[in-house]
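Take a look at the letters that make up each chain.
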Amino acid sequence: MNTLAAVLILHAHAHISPVNPIPTIYTQQTSKKSLNVLKLYPDNTYNFCRYRTNKIQRDTGTYQGKRKQLKFTSTERGQAFNPVAKKTVYRGKKGIYLKTTKGIFGGTPDFFIAKNADCLKKPWNFNQITQKLEDNIAQEKSKIPSTSHSETAINAAKRYFLNTTSNYARGYNTILESNYAGPGIYSTHIDGKLVPWNQDTSDAALFSELNTVVHESVHLNNINHYVIVPGIAITVNRTETCRSSEFSIIVPKDLPQQIFRWGTYVSKGSTASSNISGIYGLMDEFSAYMNGTRASLMAAAKLLSEGNYAKADIQLDHASRTYFALYEFRLFTAWYLHYTHQNRRDIYDKIMENNNLRLTFTLIDNEFEKIIGYANRMCINGNCNAWKNYSERFSKYADPCTKELIREEKWLSEFRLQGATQQNYRDYLTTGLTASN
Ligand SMILES: [Zn+2]
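Given the structure is predicted, the values throughout are model-derived calculations rather than measurements.

1. A look at the overall build of the chain
Alright, step 1. Scanning the chain for helices and strands turns up 16 helices and 17 strands.
Alright, step 2. Sorting the 437 residues of the chain into buried and exposed places 43% on the buried side.

Laid out in C-alpha cells, this is it:
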C-alpha cells in the first residue's frame with residue numbers, strides 16, 4: 001500500500017493518507033493545438049482530458065472489460081467531446097485500438113498511443129499544450145504579498161496558509177495564528193521514506209497541503225484542550241489510560257489489514273499518541289482529521305461556487321483521502337470502550353465519568369458526519385462528480401469499519417452525550433471547567 005505521511009517533528013502525531021493509484025497513460029494528438037490524454041486506473045476508473053491552448057475539458061468515469069476489450073461509461077453529464085465514452089475498444093501493449101484485428105496483431109494503434117512521459121503524470125489541470133497549470137492566471141492575481149529576501153520559506157508558507165484559510169476556510173486562520181504547523185515544521189514521508197521539503201512556496205505546491213496543515217496545526221492547538229471547530233474548544237482532564245493496541249484482542253483477525261490507519265495509530269509498538277495515550281490520543285486524531293477534512297471541503301465549496309473546478313478538485317481529492325478516518329477513529333474509540341469495559345473496568349469507569357471527554361467526542365462526531373453529508377449533497381446539487389469519484393476510490397477503507405461499527409456502535413451510543421450540539425454545548429460542560437476559544 002502506498003502511503004503519504006506527514007509527521008510533526010518532536011511530536012508523536014501523524015497525518016497519513018493513501019497515495020492515488022498509478023494510471024496507465026494513453027494519448028491522442030488530434031492537431032498541434034489539441035491533445036487528448038486518457039488515464040486508466042487499476043481500480044477501473046478513467047480520467048479523460050482534452051487539452052487545447054485556451055482550455056481543458058475533462059471527463060471521468062469507469063471502464064469494464066472482458067480480457068482486453070474495454071467499454072467506457074462516463075459518470076459526468078453530457079460529455080460529447082469525449083471520444084472513448086460509450087465505446088468498446090481493444091487494449092494492446094502499444095495503445096488502444098478501435099479495430100479489433102489491428103489490436104490483436106499489435107500494429108500501430110489507430111486510436112490512443114501508450115505514453116509514459118513525466119509531464120503526463122502531472123495533475124489533470126496541468127495543461128499539456130501550454131505546460132501551465134490551468135489556474136495560473138488566477139494564481140497570479142492572488143499571489144501572496146511580495147516577500148523580502150530574508151524571509152524564510154517557512155514564514156512565506158505560513159503567510160500563504162493564513163491568507164488561504166481566511167479566503168477559503170474561514171476560521172482556520174485563527175487556529176493557524178495561535179499555533180501553526182506547516183511545511184518545514186512537519187516532515188513528509190512517502191512509503192516510510194523521508195522526503196525533505198523543497199521550500200517551494202508557489203500556490204501550485206502549497207495549495208494541496210491545506211488539509212495537512214490544518215490537521216497538524218490542530219494537533220498543536222490540542223495541547224490543553226480539544227478543538228471542535230474554530231471558536232469552540234473543550235478543556236478535558238485526563239484520567240488513567242492503557243494503550244490502544246491492547247484492544248487488538250477483541251478485534252476480528254482479518255480486520256487490521258483492511259483498516260488503512262490501523263498500523264500507524266493503534267498497532268502494537270506504535271509510538272503515536274493515539275496508541276500510547278489511549279482514548280485521549282484517539283480523540284486528538286479524531287479532532288485533527290475532522291478539521292483537516294472540514295477545511296478542505298470548505299475550500300472546495302467556495303471554489304465550486306466561484307466556478308474554479310480545477311482548484312476545487314484538488315481539495316476534494318485530498319478530503320477523500322481523510323474522510324474515512326471518521327469511521328476508523330469511531331471504530332477505534334468503540335473498541336477502546338468495549339475492551340476497557342471488559343478488561344480494565346477502572347479505566348472505563350473513569351472515562352465514563354469524564355463528561356467533557358464525552359462531550360468532545362459527541363461534538364466532533366456530529367460535525368464529521370455533517371461535513372461528509374454536506375460533501376455528498378454538494379456534488380449531487382452541483383455539477384461535479386469529483387467527490388463521488390474520489391470518495392468511492394477509498395470506500396474500500398471505510399466499508400470494513402462501517403460494517404464492524406454495526407456491532408460496536410452501542411459503545412459509542414453509551415459514550416455520547418445525547419442532545420449536545422455546538423449551540424448548547426455550554427450546558428453540558430462539567431462545572432468547574434470552562435470552554436475556551
Ligand atoms: Zn494526526
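2. Structural notes on the environment of Ile25
Alright, step 1. Position of Ile25 relative to the elements: it lies in strand β3 (residues 24-31).
Alright, step 2. Along the chain, Ile25 and Tyr41 lie 16 residues apart, while their C-alpha atoms are 8.9 Å from each other.
Alright, step 3. Ignoring any residue separated from it by four or fewer positions in sequence, one finds Ile25 in contact with Val37, Lys39, Lys115, Asn116 and Leu120.

3. Thoughts on helix α12 (residues 345-353)
Alright, step 1. Those residues of α12 not exposed but buried are Ile347, Tyr348 and Ile351. For α12, the buried positions fall inside an angular range of 100° around the axis, keeping them on one side. Opposite the buried face of α12, by more than 90 degrees, sit the exposed residues Arg345, Asp346 and Glu353.

4. Focus: the pairing of strand β13 (residues 186-190)
Alright, step 1. Relative to strand β14 (residues 193-195), β13 is paired through three bridges, and the arrangement is antiparallel. Within β14, the position partnered with His189 by the bridge is Leu194.
Alright, step 2. Hairpin connection from β13 to β14: two residues lie between these consecutive antiparallel strands, with Asp191 at a positive phi of about 50°.

5. Remarks on the nonpolar core
Alright, step 1. One finds Met283, Ala299, Ala300, Leu326, Phe332 and Tyr336 to be the most contacted residues of the largest nonpolar core, which totals 88 residues.
Alright, step 2. Examining the composition of this core, we find that 16 residues originate from one element, helix α9 (residues 279-305), more than from any other.
Alright, step 3. Every residue in contact with Ala299, bar those within four places of it in the chain, is listed here: Tyr168, Ala169, Leu210 and Gln315.
Alright, step 4. Within the second largest apolar cluster, 16 residues are counted, among which are Tyr26, Tyr46, Val84 and Val89.

6. Comments concerning the packing of helix α11 (residues 325-343) against helix α15 (residues 395-415)
Alright, step 1. Relative to each other, α11 and α15 sit at 50°, their axes nearing to 8 Å. One way to sum up the angle between α11 and α15 is to call them oblique. Relative to α15, the crossing made by α11 is left-handed. Every residue of α15 that contacts α11 at Tyr327, Glu328, Arg330, Leu331, Thr333, Ala334, Trp335, Leu337 and His338 is listed here: Ala398, Cys401, Thr402, Glu404, Leu405, Glu408, Glu409, Trp411, Leu412 and Phe415.
Alright, step 2. When grouped by side-chain class, the residues that make up the contact of α11 with α15 number 11 nonpolar, three polar and five charged.

7. Re unusual backbone geometry
Alright, step 1. Not every positive phi belongs to a glycine, and Lys86 is a case in point at roughly 65°.
Alright, step 2. You can see Lys86 is positioned in the loop between β7 (69-74) and β8 (88-91).
Alright, step 3. In this model, Asp191 sits at a positive phi of 50°, which is unusual for a non-glycine residue.
Alright, step 4. Its place among the elements puts Asp191 in the loop between β13 and β14.

8. Some words on the environment of Thr174
Alright, step 1. By secondary structure assignment, the location of Thr174 is in helix α4 (residues 172-178).
Alright, step 2. Taking the C-alpha atoms as reference points, Thr174 and Pro230, 56 residues apart in sequence, are found 7.2 Å from one another.

9. A word on α9
Residues spaced three or four apart along an α-helix point in a common direction, a consequence of the helix completing one turn every 3.6 residues.
Alright, step 1. Look at α9: 38 Å from first C-alpha to last across 27 residues, which is about the 39 Å you get at 1.5 Å a residue.
Alright, step 2. With 25 of its 27 residues buried, α9 lies for the most part within the structure.
Alright, step 3. Within two residues after α9, Gly307 carries a phi angle of roughly 80°, on the positive side.

10. Structural notes on the pairing of β7
Alright, step 1. In this sheet, β7 lies alongside strand β6 (residues 56-66) in antiparallel orientation, the contact comprising six bridges. The residue of β7 that forms the bridge with Thr62 is Thr73.
Alright, step 2. When β7 meets β8, the two strands line up antiparallel, connected through three bridges. By the bridge assignment, Lys71 is partnered in β8 with Thr88.

Criteria and cut-off values
- Residues numbered from 1 in each chain as written.
- Predicted model: local features only at pLDDT ≥ 70, side-chain atom pairs only at ≥ 80, totals over all residues.
- Helix = DSSP H or I, 4+ residues; strand = E, 2+ residues; numbered from the N terminus.
- Buried ≥ 20, exposed ≤ 12 C-beta atoms within 10 Å, placed from the backbone.
- Contact = placed C-beta atoms within 7 Å.
- Arc of directions from axis to C-beta.
- Pairing = 2+ DSSP bridges.
- Core = buried A, V, L, I, M, F, W, Y, C linked by C-beta atoms within 7 Å.
- Axes fitted to C-alpha atoms, helices over the stretch in contact; angles between N-to-C directions.
- Parallel < 35°, antiparallel > 145°, perpendicular 65-115°, else oblique.
- Left-handed = near helix turned anticlockwise from the far one by under 90°.
- Nonpolar A, V, L, I, M, F, W, Y, C, P; charged D, E, K, R; others polar.
- Expected span 1.5 Å × (residues − 1).

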